[in-house]
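Coordinates in review
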Amino acid sequence: MIRVGYGEDAHRLAAGHALILGGVPVPSAAMGTVAHSDGDAILHALADALLSGVAMGDIGDYFPDTDPLWAGLDSRAILGRVLELVRDRGYTPTNIALVVTLDKPKLGSMRAEIARNVAALVGLPESEVGVSFKTSEGLAPAHIQTRVTALLTRVKD
Ligand SMILES: Nc1ccn([C@@H]2O[C@H](COP(=O)(O)O)[C@@H](O)[C@H]2O)c(=O)n1
Ligand SMILES: C[C@@]1(CO)OP(=O)(O)OP(=O)(O)OC[C@H]1O
């Protein structure tokens with residue numbers, strides 16, 4: 001049995017904040033994400049995609065942004081916990097497609113590194129992680145939006 005999951009995330013961007021995408025810091029970013037955690041908008045949307053695929057809510061249910069415990073949290077920990085939950089349900093992710101909408105900086109040169117890192121975090125070959133970048137055409141210069149679909153395959157009852 002296979003199931004599809006879908007997740008999104010959005011954050012405001014501001015100077016003086018780090019921009020981390022798929023666990024990879026973006027060194028050339030003049031602005032980074034304003035967030036309660038480390039603000040990794042790829043990993044947040046991915047974690048939500050995985051949870052939605054097994055109908056288990058979203059990351060705010062497990063890591064509320066009102067809880068000081070999660071302030072500055074490394075989003076790889078969010079993804080790790082979500083993978084445990086999904087696997088406990090008998091499913092494993094088998095391919096991932098993600099889109100980042102961000103005006104600046106251009107990220108094309110980081111596509112392979114981000115795909116590789118996301119694949120390693122999820123335990124997939126790099127060839128199963130598609131990474132697309134879009135601009136907002138100047139409509140949202142201080143904003144990042146991510147969208148992720150994930151295919152989940154049943155591996156145990
Ligand atoms: N942060 C980004 C955004 C886009 N790209 C690449 O630019 C091309 C054009 O994007 P449009 O939104 O204008 O269609 C496209 O090939 C993206 O891959 C990028 O590298 N970094
Ligand atoms: C990650 C959490 C918790 O620190 O907060 P943020 O970093 O603000 O990110 P968001 O995408 O709004 O998801 C909600 C929370 O789970």
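For the structure itself, consult the block above.
Given the structure is predicted, the values throughout are model-derived calculations rather than measurements. (Residues numbered from 1 in each chain as written. Chains lettered and ligands numbered in written order. Predicted model: local features only at pLDDT ≥ 70, side-chain atom pairs only at ≥ 80, totals over all residues. Heavy atoms only, no water.)

**Some details on the site of ligand 2**
All residues adjacent to ligand 2 are D9, H11, A35, H36, S37, H44, I59, G60, F63, D65, W70 and I78. In the environment of ligand 2, an oxygen atom lies 3.1 Å from a nitrogen or oxygen atom belonging to the backbone of H36. Protein contact buries 87% of the 370 Å² of open area that ligand 2 shows by itself. According to the grid-proximity analysis, the pocket containing ligand 2 is the largest pocket. Across the shell around ligand 2, the residue classes break down as 5 nonpolar, 5 polar and 2 charged. (Near = heavy atom within 4 Å. Polar contact = N/O pair within 3.5 Å; in protein donor to acceptor, adjacent residues only side chain to side chain. Areas by Shrake-Rupley, 256 points an atom, 1.4 Å probe, with all protein chains shown as cover. 1 Å grid on protein atoms, 1.4 Å probe; cavity = no way out; pocket = protein on both sides within 12 Å on 5 of 7 lines; lining within 4 Å. Sits in = over half its atoms within 2 Å of the grid points. Nonpolar A, V, L, I, M, F, W, Y, C, P; charged D, E, K, R; others polar.)

**Let's talk about the packing of aromatic side chains**
Aromatic rings in a pair are described by how distant their centres are and how their planes are angled relative to each other. Considering all chains together, one arrives at 1 aromatic pair under this definition. Seen from their ring centres, F63 and W70 are 4.8 Å apart, and the 70° between their planes marks the pair as edge-to-face. With a relative accessible area of 13%, F63 lands in the buried category. (Phe/Tyr/Trp six-rings, centres within 6.5 Å; stacked < 30°, edge-to-face > 60°. Buried < 20%, exposed > 50% of the residue type's maximum accessible area, 1.4 Å probe, protein only.)

**Some words on the layout of surface pockets**
Here the largest pocket defines a volume of roughly 280 Å³. Along the wall of the largest pocket there are 17 residues; nearest its centre are H36, H44, I59, F63 and D65. Those elements giving two or more residues to the lining of the largest pocket turn out to be β1 (2–14), α1 (41–53) and α2 (59–62). No other element matches the 4 residues that β1 contributes to the lining of the largest pocket. Its residues assigned to classes, the lining of the largest pocket shows 8 nonpolar, 5 polar and 4 charged. (Points joined across faces, edges and corners; volume = space filled by probe spheres on them. Helix = DSSP H or I, 4+ residues; strand = E, 2+ residues; numbered from the N terminus.)

Don't take any of this as a statement about function, it's just geometry.
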